[in-house]
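One letter stands for each residue in the lines below.
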Amino acid sequence: MNTKFKSRTRWREKLENEDHSKIVIVPPRMQKSLGAGTMLIPKPLDVDALIRETKKGQLITPAEIRSRLARDNRADTACPLTTGIFIRIAAEAAAEDLQNGKTRITPYWRVVTSDGRLNEKFPGGAKAQAKRLREEGHKIERGKGKQPPKVKDFESSLVKL
């Protein structure tokens, strides 16, 4: 799978970064959208582990990943920025693992937006993600205008972790 973004550091190395997660006070500039309280800054492997819990035929959103991370760590919320970055790192590391001959990889293609749209930034883009999801039985709708494709009736496949 070809990727547009190149990195000097291997994706697997980024995923296995040993930084610990931490809980901080929600910064004032983020309180309007996230509310006041505590915010978890997760570590990449925690995000990867939650994606791995998503079974064939199920879908998960970044919001559900954040909710579960916050709940498990007794925080009010989880950082949307770092969680999004770590979802991307998990996806790239899985693609890297696949290229290196591994067969059991993180099923990153099961992560869709809160409105069921596919992720153009995943390895192979929305086209590759759509192919994987079709193989698992999902129906894919064309995107309107410049929007990426969407999983039809995705709500029925959403998992609550």
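Anything mentioned here points back to the structure above.
Criteria and cut-off values
Residues numbered from 1 in each chain as written. Predicted model: local features only at pLDDT ≥ 70, side-chain atom pairs only at ≥ 80, totals over all residues. Heavy atoms only, no water. Helix = DSSP H or I, 4+ residues; strand = E, 2+ residues; numbered from the N terminus. Rg over C-alpha atoms; globule rule 2.2 N^0.38 Å. Buried < 20%, exposed > 50% of the residue type's maximum accessible area, 1.4 Å probe, protein only. Contact = heavy atoms within 4.5 Å. Areas by Shrake-Rupley, 256 points an atom, 1.4 Å probe, with all protein chains shown as cover. Lys, Arg positive; Asp, Glu negative; His and termini not counted. Charge placed at Lys NZ, Arg CZ, Asp CG, Glu CD. Phe/Tyr/Trp six-rings, centres within 6.5 Å; stacked < 30°, edge-to-face > 60°. Pairing = 2+ DSSP bridges. Salt bridge = Lys/Arg side-chain N within 4 Å of Asp/Glu carboxyl O.

Novice: Lay out the overall build of the protein chain in plain terms, naming residues and giving numbers.
Specialist: Helix and strand content of the protein chain: six helices and five strands. Starting at the N terminus and ending at the C terminus, the protein chain contains elements arranged as α-β-α-β-α-α-β-α-α-β-β. Here the protein chain has a C-alpha radius of gyration of 16 Å; the compact-globule value for 161 residues is 15 Å, and the two agree. Taking the principal axes of its C-alpha atoms as reference, the protein chain extends roughly 40 × 35 × 30 Å. Scored against the burial criterion, the 161 residues of the protein chain give a buried share of 43%. Once local pairs closer than 6 in sequence are excluded, the contacts in the protein chain between residues at least 24 apart make up 62%. Element-wise, carbon and sulfur atoms account for 49% of the exposed surface of the protein chain, whose accessible area totals about 9,700 Å². Distance from the positive charge centre (34 side chains) to the negative charge centre (20 side chains) of the protein chain: 5 Å.

Novice: Outline the packing of aromatic side chains, listing residues and values.
Specialist: This structure, assessed with the given rule, holds two aromatic pairs. A centroid spacing of 5.3 Å and a plane angle of 75° characterise the contact between Y108 and W109, whose relative ring orientation is edge-to-face. For the pair formed by Y108 and W109, the shared burial category is buried. Among the aromatic residues, ring-to-ring pairing joins Y108, W109 and F122 into one connected group.

Novice: Now, about the pairing of strand β2 (residues 38-41): what can you tell me, with residues and values included?
Specialist: Looking at chain direction, strand β1 (residues 22-25) and β2 are connected through four bridges and run antiparallel. Pairing of V24 across the sheet is with M39, part of β2. Pairing geometry for β2 and strand β3 (residues 77-78), over two bridges, is parallel. Its bridge partner lying in β3, M39 is registered against T77.

Novice: Please set out the pattern of salt bridges residue by residue, giving values where relevant.
Specialist: According to the stated counting rule, one finds seven salt bridges in the structure shown. For the salt bridge of D72 with R68, the shortest nitrogen-to-oxygen distance reads 2.7 Å. Placement of the pair is D72 and R68 together in helix α4 (residues 62-72), with a separation of four residues, close to one helical turn. Using a relative accessible area of 45% as the deciding quantity, one classes D72 as partly exposed. We note a salt bridge from K131 to E135, for which the minimum N-O separation is 2.9 Å. Note that K131 and E135 are positioned in helix α6 (residues 125-135) at a spacing of four residues, about one turn of the helix. Because the salt bridges share partners, they merge into one network encompassing E53, R68 and D72.

Honestly, it's all geometry; don't read function into it.
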